[in-house]
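Below are the chains, spelled out letter by letter.
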Amino acid sequence: MSGSYLEQVVQPDTRDTDIPPRLLGPQLERIWGTPRGLWGFLTTVDHKRIGQRYIVTAFIFLAMGGVLALLMRLQLSGPERRFIDPDRYNQIFTMHGTNMMFLFAVPVMEAVAVYIVPLMVGTRNIAFPRLNAFSYWMFLIGGLVLWVGFALDMGPDVGWFAYVPLSGPQYGAGKRSDIWAQMITFTEIAALAVAVELVVTILKQRAPGMTLDRIPLFVWAMLVTAFAVICAMPAIMIASTSLILDRLVGTHFFNPSEGGDVLLWQHLFWFFGHPEVYIIFLPAVGMISSIIPTFARRPIVGYLPLVLALIATGILAFGLWVHHMFVTGLPRLGESFFTASSMAIAVPNGIQIFCWLATLVLGRPVLKTPMLFILAFFFTFVIGGLSGVMVASVPFDTQVHDTYFVVAHFHYVLIGGAVFPLMGAVYYWFPKITGRMMSERIGRWVVGLVVVGFNLTFFPMHILGLQGMPRRIYTYQPELGWGPLNLFVSLSGCILAAGFVLFFFDVVRSMRSGAPASDNPWQAATLEWATSSPPPSYNFSRIPVVTSANPLWDATILPATRGLRVERRELLVTTVVDAEPQARESSPSDSIWPFWAAVTTSVLLVSSIFTPWAVVWGAIPVTFALIGWFWPKSTPEDLA
Amino acid sequence: MTHPVRPVLDVSDLPLHGSGSASPTWWGTLAFMLIEGTGFVLLIAVYLYLASLASTWPLGAPAPAPWAGIAFSALLLVSLVPNFLVARWAERRDVRRVRIGLVIMTLFGVVPLVPRAFEFPALHVMWDSNAYGSITWTLLGLHTTHLVTDLIDTIVLLALMCTRHGANPRRLGDVQDNALYWNFVVVTWLPIFACIYGVPWLL
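Treat the numbers as computed from the prediction; the structure is a model and nothing was measured.

**Concerning the overall build of chain A**
Okay, step 1: Along chain A, the regular secondary structure elements total 22 helices and 3 strands.
Okay, step 2: Relative to the 2.2 N^0.38 estimate, which gives 26 Å for 640 residues, the radius of gyration of chain A is 25 Å and therefore close to what a compact globule would have.
Okay, step 3: Counting only C-alpha atoms, chain A reaches 80 × 60 × 50 Å along its principal axes.
Okay, step 4: Relative to its full complement of 640 residues, chain A shows a buried share of 63%.
Okay, step 5: Taking all contacts inside chain A whose residues are at least 6 apart in sequence as the whole, residues at least 24 apart take part in 80%.
Okay, step 6: Computing the positive centroid from 39 side-chain charges and the negative centroid from 37, chain A places the two 9 Å apart.

Structural data, given as structure tokens:
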């Protein structure tokens, strides 16, 4: 009934003030909703659907990478085991690292932001929503390229950082390294696209009144991360492109006999690779800063120092890359500089930790599952940070370089520093995304199994490393005496895996039959909790007006805007600093073209592994897809 | 929205599209320029890194002949004038002049390709001869890609301006953003020019 009524009432330029309040939601749903079925699936540009898809895909890659880890632990559980041959083992550890870094860690953090940031800043969709759809398809296809390669025994086998000359034309025969290099291109295009969307969403689409000092800390963290992505990812694209040029058309970037240099690869890779660590860690910092105030029941302590720490970390992240190259014989003065900067970055990170602790001490903490993951983070990340300060020193690093000590260190910082907060964030935002609560009882088991399993698995690796066990070996001799500890590590890995299995079980169970969630089940303060769970396609029926840093705590009735059009996708553009309204901008409608653009780009990239001319002929369909994408249609969004 | 709300801020009189820094597309263009600018900076760094390692530079070739590069640079610098005018006409929503301007800018996209085609042989080295050839061909190639991309964009916008969509302020904003991007293509060329032709001359 309301549908036919709306068809009569809604004319061009109808405003939200022109229709009865009870029909506002249904009308906005007609305009912003995604059609059902395959067509809707392929064409949607709703940031929530794409974000959800992105998150689920990234977690599937996590599970697949986890299986690879278990295979490695099976092989290493005792000396001279013969489960996996050396060639397959090389592919497995390369796939594990590549998959976890490029297909899980970075994408999952950006994916959470794709879902949460537009809600947190109080807008109706992400900036450049079609680019967002394109980004997801590129990510998905890039991941498939890597895994299909692996299934065909063409998986890369040169380590996740693919050092030359091993990955170069002389030693890396076949197509394995090419698949690695092109997978980089896919995932970096996807990551850069999301970074641009986030920057513009955060700078230009914040709700009126959300001045710089009222931006939620997760949003600040994603802004700094997005800039880090923009400045770091070009380095790896240049590195992987020059590698592929060396391999396919005979350039000599990394060939010392023709004036090239192998260390050039390491410089380019780590100029990206070190900021990459912070591209993964800073979003986690933002998650922690969102979860702690909610469960400490008070505003965060030290908002300004926390923001400055985020920015300082983002900048210092670019001055650390050489600490991955301490054993390459660089000048002593250079090494000292990078030791100093590696220790300096502990300062902003320390400030953050103290701000969080102060918030907890001054608040009345409620120990729900998300908060338990944050406590697990504190414990684990501090250990990882300490071993980080240790390897920042050149003499110590020289001793443990390429041993299991380093493996232990980076799993402590990456899993403790990023995956634990991420799992806490899943428990925290799951009710918003699905409208259902996850189980508190199972959640506590998950925290217990994962934290205990993790520490039992990775702590002994420090000792194995100090005993001299190198990383990336497929087996070892019994006389070396590493057998018992390796067996212990492998068995502990099963506890860790059980924790993850239980986590996935809880996600699936809760999605089907979890207790219904209210709009704001944790009594949190930020705008994503002001809308229903799950949010409607248009996010907010009226775009909120922000008057404080904790809008839902400080206002029982939320001020909002009026006067937006309801017969086209319209949202507010505001000024960068003060978030004062500037324009009623249209937001693009659904489109199939991002999908075609991704398919044609993929044909170009994959074919270029086999013939360089694919870059020329492959560009033609890409051009047509892009023209189809940008050519205006006769929709109200494009016309005005 | 289920949290109770009270409409207080009337936005009904806001314009439908902001130009310049009020437009999200402008910021998006800026972000992409930052990405690509970082790429160019890194490639120049690679050039200098390789040069610093070599005992003689350029490797196995005389210094590149600068004349094609100078002609190319001159054309690009001259193109800034019509480019500036197109952006201004687009801002004033003068569709007729914008069309003429885009025809001129299309020519300024095509004509520099002629000296550019002579720049590659002027390097006196092939990409697969040595690392010097690899980096110079890559620098020139990447910049040429930007040139061609912007040329295609200009042609598409010209076609668009000749349809009923032309008078739309959002599409005219696209013309302004395209002009901004052309400035980027010109400005990034100058350090690349200095690198390719100036560094061998200095050494």
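**Here's the deal with the overall build of chain B**
Okay, step 1: The helix and strand tally for chain B stands at 6 helices and 1 strand.
Okay, step 2: Order of helices (α) and strands (β) in chain B, N terminus to C terminus: β-α-α-α-α-α-α.
Okay, step 3: Against the globule reference of 17 Å for 203 residues, chain B gives a C-alpha radius of gyration of 21 Å, more extended than a compact globule.
Okay, step 4: Principal axes of the C-alpha set define a box for chain B whose edges measure 70 × 45 × 25 Å.
Okay, step 5: When burial is assessed residue by residue, chain B has 52% of its 203 residues classed as buried.
Okay, step 6: Just so you have it, chain B exposes about 8,900 Å², and 71% of that area is on carbon and sulfur atoms.
Okay, step 7: The distance from the centre of the 11 positive side-chain charges to the centre of the 11 negative ones in chain B is 10 Å.

**So, the domain arrangement of chain A**
Residues and elements named next belong to chain A.
Okay, step 1: Considered domain by domain, chain A is made up of domain 1 (45-289 + 435-577) and domain 2 (593-639).
Okay, step 2: Between the C-alpha centres of domain 1 and domain 2 the distance comes to 26 Å.
Okay, step 3: Between domain 1 and domain 2, the residue contacts involve 21 residues of the former and 15 residues of the latter.
Okay, step 4: When the buried surface of domain 1 facing domain 2 is broken down by residue, Arg130, Phe134 and Gln182 rank first, second and third, together holding 30% of it.
Okay, step 5: Taken together, the connections running from domain 1 to domain 2 amount to 0 salt bridges.
Okay, step 6: Run the count over domain 1 and domain 2 and you get 5 residue pairs in polar contact (both at pLDDT 80 or more).
Okay, step 7: Those elements giving two or more residues to the side of domain 1 that touches domain 2 turn out to be α6 (129-151) and α7 (176-204).

**Comments concerning the packing of aromatic side chains**
All names here are of chain A.
Okay, step 1: Throughout the structure, instances matching the rule amount to 63 aromatic pairs over all chains.
Okay, step 2: A ring pair is formed by Tyr278 and Phe281, whose centres lie 6.4 Å apart and whose planes are at 75°; its orientation type is edge-to-face. Highlighted residues: Tyr278 and Phe281, both in helix α9 (residues 262-296), separated by 3 residues, approximately one helical turn. Taken individually, Tyr278 and Phe281 each receive the classification buried, so the pair is uniform in this respect.
Okay, step 3: A ring pair is formed by Trp356 and Phe378, whose centres lie 6.2 Å apart and whose planes are at 65°; its orientation type is edge-to-face. Of this pair, Trp356 sits in helix α12 (residues 346-362) while Phe378 sits in helix α13 (residues 369-391), and the two are 22 residues apart along the sequence.
Okay, step 4: Judged by relative accessible area, which is 10%, Phe378 ranks as buried.
Okay, step 5: Members of the aromatic cluster, joined through ring pairs, are Phe102, Trp160, Phe161, Tyr163, Trp180, Phe253, Phe254, Trp265, Phe269, Trp270 and Phe272.
Okay, step 6: Cation over ring: Arg53 sits above Phe41, and NZ or CZ is 4.1 Å from the ring centre.

**Remarks on the interface of chain A and chain B**
Okay, step 1: With 72 residues of chain A at the contact, the number on the chain B side is 54 residues.
Okay, step 2: Interface area for chain A against chain B, summed over the two sides, is near 5,300 Å², with a carbon-plus-sulfur share of 68%.
Okay, step 3: Across the salt bridge formed by Arg562(A) and Asp10(B), the nearest N and O atoms sit 3.8 Å from each other.
Okay, step 4: Our count for the contact surface shared by chain A and chain B stands at 23 residue pairs in polar contact (both at pLDDT 80 or more).
Okay, step 5: Elements with a minimum of two residues in the side of chain A that touches chain B: α7, α8 (217-248), α9, β1 (558-562), β2 (570-574), β3 (581-586), α21 (619-630) and α22 (636-639) of chain A.
Okay, step 6: Broken down by element, the side of chain A that touches chain B gets its largest block of residues, 7 residues, from α8(A).
Okay, step 7: When grouped by side-chain class, the residues that make up the side of chain A that touches chain B number 41 nonpolar, 16 polar and 15 charged.

**Comments concerning the environment of Val224(A)**
All names here are of chain A.
Okay, step 1: Take Val224: it is sitting in helix α8.
Okay, step 2: Taking C-alpha positions, Val224 is 33 Å from Glu440, a pair spaced 216 residues apart along the chain.
Okay, step 3: Setting aside its immediate chain neighbours within four residues, Val224 contacts Leu282, Leu310, Ile311 and Gly314.

**What about the pairing of β3(A)?**
All names here are of chain A.
Okay, step 1: Note: β2 against β3, 5 bridges, orientation antiparallel. What sits directly across from Thr574, in β3, is Pro581.
Okay, step 2: Joining the antiparallel neighbours β2 and β3 is a turn of 6 residues, in which Ala579 adopts a positive phi near 55°.

**What about the pattern of salt bridges?**
All names here are of chain A.
Okay, step 1: A full pass over the atoms with the stated rule returns 21 salt bridges over all chains.
Okay, step 2: Of the charged contacts in the structure, one is a salt bridge between Arg542 and Asp16, with a shortest N-O distance of 3.8 Å. Of the two residues, Arg542 sits in the loop between α17 (483-513) and α18 (551-554) while Asp16 sits in the loop between α1 (2-9) and α2 (21-32), which places them 526 residues apart along the sequence. For the pair Arg542 and Asp16, a shared accessibility class is recorded, and that class is buried.
Okay, step 3: Among the ionic pairs, Arg176 bridges to Asp87, the shortest N-O distance being 2.9 Å. Taken together, the residues span a long stretch of sequence, with Arg176 in helix α7 and Asp87 in helix α5 (residues 86-120) at a distance of 89 residues.
Okay, step 4: For Arg176, a relative accessible area of 13% translates into the label buried.
Okay, step 5: Overall, Asp87 belongs to the partly exposed group, its relative accessible area being 33%.
Okay, step 6: Overlapping salt bridges, with partners in common, bring together Asp87, Arg88, Asp153, Asp157 and Arg176 in one network.

**Remarks on a nonpolar patch on the surface**
Residue and element names in this part refer to chain A.
Okay, step 1: A cluster of nonpolar side chains, namely Val603, Trp613, Val615, Val616, Trp617, Ile620 and Phe624, defines an oily patch on the protein surface of about 770 Å² accessible area.
Okay, step 2: Sorting the residues of the nonpolar patch by element identifies α20 (614-617) and α21 as the ones contributing at least two each.
Okay, step 3: A total of 3 residues in the nonpolar patch trace back to one element, the largest contributor, which is α20.
Okay, step 4: Tracing the sequence through the fold places Val615 in helix α20.

**Brief notes about the packing of α8(A) against helix α10 (residues 303-316) of chain A**
Residues and elements named next belong to chain A.
Okay, step 1: As a packed pair, α8 and α10 sit with axes 9 Å apart at the nearest point and diverge in direction by 15°. The angle between α8 and α10 falls in the class roughly parallel. Of the two possible hands of crossing, α8 and α10 adopt the one that is right-handed. Across the interface between the two elements, Leu217, Trp220, Ala221 and Val224 from α8 touch Tyr303, Leu306, Val307, Leu310, Ile311 and Gly314 from α10.
Okay, step 2: Across the contact of α8 with α10, the residue classes tally to 9 nonpolar, 1 polar and no charged.

Calculation criteria
- Residues numbered from 1 in each chain as written.
- Chains lettered and ligands numbered in written order.
- Predicted model: local features only at pLDDT ≥ 70, side-chain atom pairs only at ≥ 80, totals over all residues.
- Heavy atoms only, no water.
- Helix = DSSP H or I, 4+ residues; strand = E, 2+ residues; numbered from the N terminus.
- Rg over C-alpha atoms; globule rule 2.2 N^0.38 Å.
- Buried < 20%, exposed > 50% of the residue type's maximum accessible area, 1.4 Å probe, protein only.
- Contact = heavy atoms within 4.5 Å.
- Lys, Arg positive; Asp, Glu negative; His and termini not counted.
- Charge placed at Lys NZ, Arg CZ, Asp CG, Glu CD.
- Areas by Shrake-Rupley, 256 points an atom, 1.4 Å probe, with all protein chains shown as cover.
- Domains from an automatic or database assignment.
- Buried area = accessible area lost by both parts, 1.4 Å probe.
- Salt bridge = Lys/Arg side-chain N within 4 Å of Asp/Glu carboxyl O.
- Polar contact = N/O pair within 3.5 Å; in protein donor to acceptor, adjacent residues only side chain to side chain.
- Phe/Tyr/Trp six-rings, centres within 6.5 Å; stacked < 30°, edge-to-face > 60°.
- Lys NZ or Arg CZ within 6 Å of the ring centre and 35° of its normal.
- Nonpolar A, V, L, I, M, F, W, Y, C, P; charged D, E, K, R; others polar.
- Pairing = 2+ DSSP bridges.
- Patch = residues over 30% accessible without salt bridge, like charges linked within 9 Å, V, L, I, M, F, W, Y side chains within 5 Å.
- Axes fitted to C-alpha atoms, helices over the stretch in contact; angles between N-to-C directions.
- Parallel < 35°, antiparallel > 145°, perpendicular 65-115°, else oblique.
- Left-handed = near helix turned anticlockwise from the far one by under 90°.

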